[in-house]
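Structure at a glance
So the chains spell out like this:
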Amino acid sequence: MRTRHTFLFVLLILSCSSCKNFNAEKNDSGPKSQDFNTVAINNEYQINIPRFMKGTTGLNEEASLQYQSLLQEAYLLVIDEPKSRFEEVYRDLGQYDEQLSTIQNYRDARLKILSRTTEINSKSKPRSFKINGLSAEFIEIDANINGVSDEISYFLTFVEGNDRVYMIMAWTLKDKKVEHKKTFKTIAESFELID
């Protein structure tokens, strides 16, 4: 009888510890490389897209890349334009700040454009970093859009290439922000120019 109690006690301990390890693995898991496809655009840049997102054309007519998942409420686009043209236009308009880098000016210009169609409720401080050797800026925004009752969370990454500037815009409903944050970060950090 004593052996049977010992066996049950050990079995109970093993069961609990395996549950604990399973939960720890589940909470620590982030996006896996096999969950993404690499997509190349115009033989110019490539980026990793989650397999759950499908290509579309209805998000923004300026975008060179557009993907979405209606089921998971996740959206992604990339807008790019010639760097010299951007600088020329904004200098002519008197809206180019010589104290800022090109990518910081591009970030500010795109945020002004976004604020025309959204009511920005909160905005993180811009963070400068490198993506595959390229200068980049990142910012998170929570905003409301006319006609949409739920608050939207945007993850904006701005990248300076050799001849072009890029905006990687990913967004979802605010209540899905935590769920998609790591995936959106993985997407942005995968951006790479094609030589």
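This text goes with the structure placed above it.
Residues numbered from 1 in each chain as written. Predicted model: local features only at pLDDT ≥ 70, side-chain atom pairs only at ≥ 80, totals over all residues. Heavy atoms only, no water.

**With respect to the nonpolar core**
As a rule of thumb, soluble globular proteins bury nonpolar side chains together. Residues I47, L65, L76 and F191 are the most contacted members of the largest nonpolar core, which totals 26 residues. The next biggest cluster of nonpolar side chains, apart from the first, holds 24 residues, and it includes Y75, I103, A109 and L173. (Core = buried A, V, L, I, M, F, W, Y, C linked by side-chain atoms within 4.5 Å. Buried < 20%, exposed > 50% of the residue type's maximum accessible area, 1.4 Å probe, protein only.)

**Brief notes about the pattern of salt bridges**
Here the structure, examined in full by the defined rule, presents 16 salt bridges. In this structure, R164 and E44 form a salt bridge, with 3.2 Å as the shortest nitrogen-oxygen distance. One end of the pair, R164, is in strand 10 (residues 164-173); the other, E44, is in the loop between strand 1 (36-41) and strand 2 (45-50), and 120 residues separate them in sequence. Exposure remark for R164: the relative accessible area of 24% places this residue in the partly exposed category. With a closest N to O distance of 3.4 Å, K177 and E140 form a salt bridge. Here the residue K177 occupies a position in helix 4 (residues 177-189), and E140 occupies one in strand 8 (residues 134-145), the gap between them amounting to 37 residues. Side by side, K177 and E140 carry an identical accessibility label, which is buried. Beyond isolated ion pairs, a larger network of salt bridges with shared partners links E140, D142, E151, K174, K177 and K181. (Salt bridge = Lys/Arg side-chain N within 4 Å of Asp/Glu carboxyl O. Helix = DSSP H or I, 4+ residues; strand = E, 2+ residues; numbered from the N terminus.)

**What to know about the layout of surface pockets**
A water-sized probe, rolled over the atoms, reveals where empty space remains. Approximately 300 Å³ is the volume attributed to the largest pocket. In this structure, the largest pocket is lined by 17 residues; those nearest its centre are N60, I113, L114, T117 and M169. Those elements that place two or more of their residues in the lining of the largest pocket are strand 5 (74-82), helix 3 (102-115), strand 9 (152-160) and strand 10. For the lining of the largest pocket, the element with the highest residue contribution is helix 3, accounting for four residues. Of the residues contributing to the lining of the largest pocket, the split by class is twelve nonpolar, three polar and two charged. Quantified by volume, the second largest pocket comes out at close to 170 Å³. (1 Å grid on protein atoms, 1.4 Å probe; cavity = no way out; pocket = protein on both sides within 12 Å on 5 of 7 lines; lining within 4 Å. Points joined across faces, edges and corners; volume = space filled by probe spheres on them. Nonpolar A, V, L, I, M, F, W, Y, C, P; charged D, E, K, R; others polar.)

**Concerning helix 4**
For helix 4, with 13 residues, the first-to-last C-alpha span of 18 Å sits near the 18 Å given by 1.5 Å per residue. Of all the residues in helix 4, the buried ones are K177, H180, T183, F184, I187 and A188. (Expected span 1.5 Å × (residues − 1).)

**Considerations on the side chain of S153**
Its location among the elements puts S153 in strand 9. Judged by relative accessible area, which is 0%, S153 ranks as buried. In this structure S153 touches I141, D142, A170, W171, T172, L173, K174 and K177, once residues within four positions along its chain are discounted. (Contact = heavy atoms within 4.5 Å.)

**Considerations on the packing of helix 2 (residues 83-92) against helix 3**
Direction vectors running N to C along helix 2 and helix 3 enclose 65°, while the axes themselves pass 11 Å from each other. On the basis of the axis angle, helix 2 is roughly perpendicular to helix 3. When you trace helix 2 past helix 3, the crossing you get is left-handed. Contacts from K83, F86, E87 and Y90 in helix 2 reach T102, N105, Y106, A109 and I113 in helix 3. Residue classes in the contact of helix 2 with helix 3 are distributed as five nonpolar, two polar and two charged. (Axes fitted to C-alpha atoms, helices over the stretch in contact; angles between N-to-C directions. Parallel < 35°, antiparallel > 145°, perpendicular 65-115°, else oblique. Left-handed = near helix turned anticlockwise from the far one by under 90°.)

**Focus: the sheet that holds strand 1**
The antiparallel open sheet is built from three strands, whose spatial order is 1-2-11. Each having just a single partner strand, strand 1 and strand 11 (192-193) make up the two edges of the open sheet. As defined by bridge partners, strand 1 adjoins strand 2 across six bridges and the pair is classed as antiparallel. Bridge assignment links I41 to a residue of strand 2, and that residue is Y45. (Pairing = 2+ DSSP bridges.)

**Things to note about unusual backbone geometry**
Even without being glycine, N43 reaches a positive phi, approximately 50°. Among the structural elements, N43 can be located in the loop between strand 1 and strand 2. Look at N43 and you get exposed, because its relative accessible area is 63%. We note that E73 has phi near 55°; this positive angle belongs to a residue other than glycine. For E73, the position within the fold is in the loop between strand 4 (65-69) and strand 5.

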